[in-house]
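So you can see what is in the structure, the chains are spelled out below.
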Amino acid sequence: MAFGPGEDDMPDNEAPRLDTGAALESPAPTATSEAVPATAPEGGRRRSNRPWPIIGGIAAIFLLLIGYVVGGAAAAGGEVGRADSALKTAVSHNNTMAELSGKDPFKDVNFTDVGAAKSAVAQFKQQVSAWQADVSSDRKSLVRVRADLGGSFLTLPEQSTIENRRYRVDAALSALNTAQKAFDLSRKQMAFLEPFLDSIAGFEAVAKAGQANDLNAMASQLTATAASLQKAADLAQPPAMPSEFTPTLKALQQLVKDMQALVSAAKAHDLTAVQKYSAAVQADGKALETIDQSALDKAEKALFQPLSDAYDRDMKIAAGG
């Protein structure tokens, strides 16, 4: 390698100079006495700077996690809060319905008093309509909050709380679906009772006309009564109306037919026919007396008790029990 001017050409007062090009091409000096001290401070500074970006990165990750937990808790808190509000409203409506539905609306009604019976039916229909409004409103609110309880990455820290509210909301929705089934059955029963009570009123009118010896009025009232019974029979469809009630309807329809035949025989002065249908009417009356009312009560209980049990069970879960 070429150095600069030769030693012979240098002035006596100038130190030897290292060619910079040669220095770049030459390996690092092997001597340690001066090389190490020259490089050690620079290396020390690089090592002292390296921890700060690492610690800063850790701090940033820590802040991110804190934000994730706090933000997730806040997001979950909003979802849980809305679910709690909807559940509270549904449970409060349930308490009202339980108080009212626990009372038999026809317990003290004498069905031979058609006016009182119709009044009881009208009042019960109003109660069912009010309950229906609550159930529809509660279902709408619960379906809306249920969609918010699906969970997300942000709400993972509160997932157990969200799952609890989702479980309770699902139970409340199940209870409301059960209540809806009971309402539908009750409406159909009320629809049946209206013409059925009309037929009872018709029998009373026929009796009054008979007491007045008004055969034409009796015939007219029997026609109206037959129509009411037919309408009631058309509405008496299972499961709303238990099949145990069918024999009663058929017996009443048979009674009307025999009474119509008896009136026609009386109007025609047909003594033989009068005796025949008089005996038939008596037999119809005895047949009605043999109908087992307890079987009707059991059938009614079998229809509604499972719904009541399911509703109570789900509402207990919805209430947090």
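Residues numbered from 1 in each chain as written. Predicted model: local features only at pLDDT ≥ 70, side-chain atom pairs only at ≥ 80, totals over all residues. Heavy atoms only, no water.

A. Highlighting unusual backbone geometry. Residue proline 239 is reached from proline 238 by a cis peptide bond, and omega for that bond is 5°. Within the fold, proline 239 resides in the loop between helix H6 (215–235) and helix H7 (246–267). One non-glycine residue, asparagine 213, lies in positive phi territory at about 55°. Mapping asparagine 213 onto the fold places it in the loop between helix H5 (159–211) and H6. One non-glycine residue with positive phi stands out, namely histidine 269, at about 55°. Looking at the element boundaries, histidine 269 is found in the loop between H7 and helix H8 (271–289). On the accessibility criterion, histidine 269 (72% relative accessible area) is exposed. (Helix = DSSP H or I, 4+ residues; strand = E, 2+ residues; numbered from the N terminus. Buried < 20%, exposed > 50% of the residue type's maximum accessible area, 1.4 Å probe, protein only.)

B. Layout of the packing of H6 against H7. Their axes nearest at 10 Å, the elements H6 and H7 cross at an angle of 160°. By the angle between their directions, the pair H6 and H7 is classed as roughly antiparallel. Classified by chirality, the crossing of H7 by H6 is left-handed. Between H6 and H7, the contacting residues are Leu215, Asn216, Met218, Ala219, Leu222, Thr223, Thr225, Ala226, Leu229, Gln230, Ala232 and Ala233 on the first element and Leu249, Leu252, Gln253, Val256, Met259, Gln260, Val263, Ala266 and Lys267 on the second. (Axes fitted to C-alpha atoms, helices over the stretch in contact; angles between N-to-C directions. Parallel < 35°, antiparallel > 145°, perpendicular 65-115°, else oblique. Left-handed = near helix turned anticlockwise from the far one by under 90°. Contact = heavy atoms within 4.5 Å.)

C. Seen up close, the environment of arginine 313. With respect to the element layout, arginine 313 can be found in helix H9 (residues 293–318). Its relative accessible area of 51% is what places arginine 313 among the exposed residues. Counting along the chain gives 138 residues from arginine 313 to alanine 175, while the straight-line C-alpha distance between them is 8.0 Å.

D. Expanded view of the pattern of salt bridges. Counted by the stated rule, this structure contains four salt bridges. We note a salt bridge from aspartate 198 to lysine 118, for which the minimum N-O separation is 2.6 Å. Of this pair, aspartate 198 sits in helix H5 while lysine 118 is found in helix H4 (residues 114–148), placing the two residues 80 residues apart along the sequence. (Salt bridge = Lys/Arg side-chain N within 4 Å of Asp/Glu carboxyl O.)

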